[in-house]
Amino acid sequence: MKSVLRTSARRLAAWVRAPFASLYRVAAAVLAAGAVGLALPPWVGLLLFAPVAVTVGTKVAHAVRAIASLCYVGVAENREGHPTLDVRRDLLQRSRVLGTASLAAGVAVLLAARAALTLFPSLAEDGVLAPYLVFTAVLLGGFLLFYTLALRFDSSVLRGLTSIAVTLPVFFIVVAVASILLSWAMGVLAGFGVPAEGLLQGGFAWLYEMQRLLGAAVGYFLRQDTLIVGVSIVAAALLLLLYTYSVPLYWLRSVSRWLKGIGVAAAAFGAAVIVFAGVWLADVQHLAEQAAAGRLGAGLDAGVASSQAQAVAQYRSDDLVALIKAFVLPYTVGVFVANGVVAWRKGRAKQVADGILDDFAAAGHVDEAALPEQRKRYLYCGGSPTLWDIALRSIGHGVPLPHPFAPRRLTLKERLTGVLEDPPSERAPDPPAEQPAEQPALSASAGLPDEVGMRIDPKTGHAEGRTKRNEPRQALQ
């Protein structure tokens, strides 16, 4: 019995220290444990899920430490021979870590909230706090979903969706647009004779539930609920701070471009609505009526759209301006915070990269064993490969300087070996010209008229011009 327990403990410890091999297996195990916990009494289910949460959390901590140590980042040479980062394994591990941690934390919070309601049943009876907690959970879950997918597929579009899906109204718009596109796709399949209506109503029924939940939150937003608007501002700032603080450094440039675009779009949209509020109000009300009538697609819940249409029908121009301000303000505050984090991380990464080269200059030599890891961290922090080659060459390494410092573009063999090859000569060099035999010194005035000549000074060894004009001056001497 002891040997079995000891073997199981060793296997569990090895699994915890190993990198994530798959997200689906771990997610299925976590969800199965959470389902068992929900089927049991509240406190019993929470206590039984606690060891699972601790084990998964320990594995996530080991994976995060390995990611911070750049264990999954590689360095490869591109076609031109320049070093580039290979980040496929790193992004895969990041997506698995984030997905697993999100699921485990979500199940643990759900079981803890269920157990807490048994001690404080008045919270469930009032029904005041529960909707806001549900809205926050849905917003956080959607943000983490887009973030995980962006890491998994390394997609710039998904990075943009992650940057904007930080408020409930925009999350509702994303879900509504996805539902409309899905219903159109099902309509195209139905035109080819493929029955798709049942698939839409059955396989994608969760979209309707998501719309109802988000529709209730958007209803609070349309009514200018102070708490919802305040939570939107705080949530957008916190989620964008979390996003920009945790993305890898090689994503910062792309994320910074998205943030700048969001900031410009929010400012332009907020300024335009003040000017065109009266014109836009009629269009918004017309669009809400079409959604309520079901003319935008079968994937959009008509009941949810009808309730939003009723709220928008009572709007005036001032109400629309106030709504857009509440809609834009979370992005204005969130982008301001996120840009500060991006600037701070870029500055810190530059200090790390410059510090590596400064250490080389101070020591005057490099540790050959640690050089590959230092090179990888230098490139990860955004260091210049050209400065890296110049630094190694300056301390005695025979690293050829890259173009344009080299007289020509280096080949891959030259970059790998560090030895410059002589270019092949196009033709044989010309033989040296024969020097004429030494002649006796002749008069410098040979071949010149008598009145103009040269006189060689034996003391100075150089010729001095002589003309009739300067002869009287010599006679005076």
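Residues numbered from 1 in each chain as written. Predicted model: local features only at pLDDT ≥ 70, side-chain atom pairs only at ≥ 80, totals over all residues. Heavy atoms only, no water.

Describing the nonpolar core
- Residues Tyr-147, Trp-251, Phe-360 and Trp-388 are the most contacted members of the largest nonpolar core, which totals 76 residues.
- Here this core gets 14 residues from one element, more than from any other, and that element is helix H14 (residues 317–363).
- Built from parts of two domains, this core gets at least three residues from each of domain 1 (9–126) and domain 2 (350–405).
- In this view, Trp-388 contacts Ile-356, Leu-357, Phe-360, Leu-371, Gln-374, Arg-375 and Tyr-378; residues no more than four positions away in its chain are not counted. (Core = buried A, V, L, I, M, F, W, Y, C linked by side-chain atoms within 4.5 Å. Buried < 20%, exposed > 50% of the residue type's maximum accessible area, 1.4 Å probe, protein only. Helix = DSSP H or I, 4+ residues; strand = E, 2+ residues; numbered from the N terminus. Domains from an automatic or database assignment. Contact = heavy atoms within 4.5 Å.)

Some remarks on empty space enclosed by the protein
- All chains considered together, the criterion is met by 2 cavities of 30 Å³ or more.
- A volume near 70 Å³ is recorded for the largest cavity.
- Contributing to the lining of the largest cavity are Tyr-132, Phe-135, Thr-136, Leu-139, Leu-168, Ile-228, Val-231, Ser-232 and Ala-235.
- Among the elements of the structure, helix H6 (129–153) and helix H11 (226–246) are those that each provide at least two residues to the lining of the largest cavity. (1 Å grid on protein atoms, 1.4 Å probe; cavity = no way out; pocket = protein on both sides within 12 Å on 5 of 7 lines; lining within 4 Å. Points joined across faces, edges and corners; volume = space filled by probe spheres on them.)

Examining unusual backbone geometry
- Positioned with a positive phi, Leu-70 is a non-glycine residue whose angle comes to about 60°.
- Considering the arrangement of structural elements, one finds Leu-70 in the loop between helix H3 (42–68) and strand E1 (74–77).
- The buried category is assigned to Leu-70, whose relative accessible area is 2%.

With respect to the side chain of Thr-244
- Counting through the fold element by element, Thr-244 comes out in helix H11.
- For Thr-244, a relative accessible area of 0% puts it in the buried group.
- A distance of 2.8 Å separates a polar side-chain atom of Thr-244 from the backbone oxygen of Leu-240.
- Engagement of the side chain of Thr-244 in a polar contact is seen with the backbone oxygen of Leu-241, the distance being 3.3 Å.
- Setting aside its immediate chain neighbours within four residues, Thr-244 contacts Leu-252, Val-255, Leu-259, Ala-338, Val-341, Val-342 and Arg-345. (Polar contact = N/O pair within 3.5 Å; in protein donor to acceptor, adjacent residues only side chain to side chain.)

Considering helix H16 (residues 385–394)
- Every buried residue belonging to H16 is among Trp-388, Asp-389, Ala-391 and Leu-392, and all of these are buried. Around the axis of H16, the buried residues are gathered within 160° of arc, so they sit on the same side. (Arc of directions from axis to C-beta.)

Thoughts on the UniProt feature "transmembrane region" (unreviewed entry) in the protein chain
- The positions that UniProt labels "transmembrane region" (unreviewed entry) are, in the present scheme, residues 21–40, 46–76, 97–117, 129–149, 161–185, 227–252, 264–282 and 322–344.
- Between the end C-alpha atoms of residues 161–185 the distance is 21 Å, and the span holds 88% helix and 0% strand.
- Across residues 227–252, helical content stands at 81% and strand content at 0%; the span's end C-alpha atoms are separated by 32 Å. (UniProt positions renumbered as here; feature names shortened; annotations may be inferred.)

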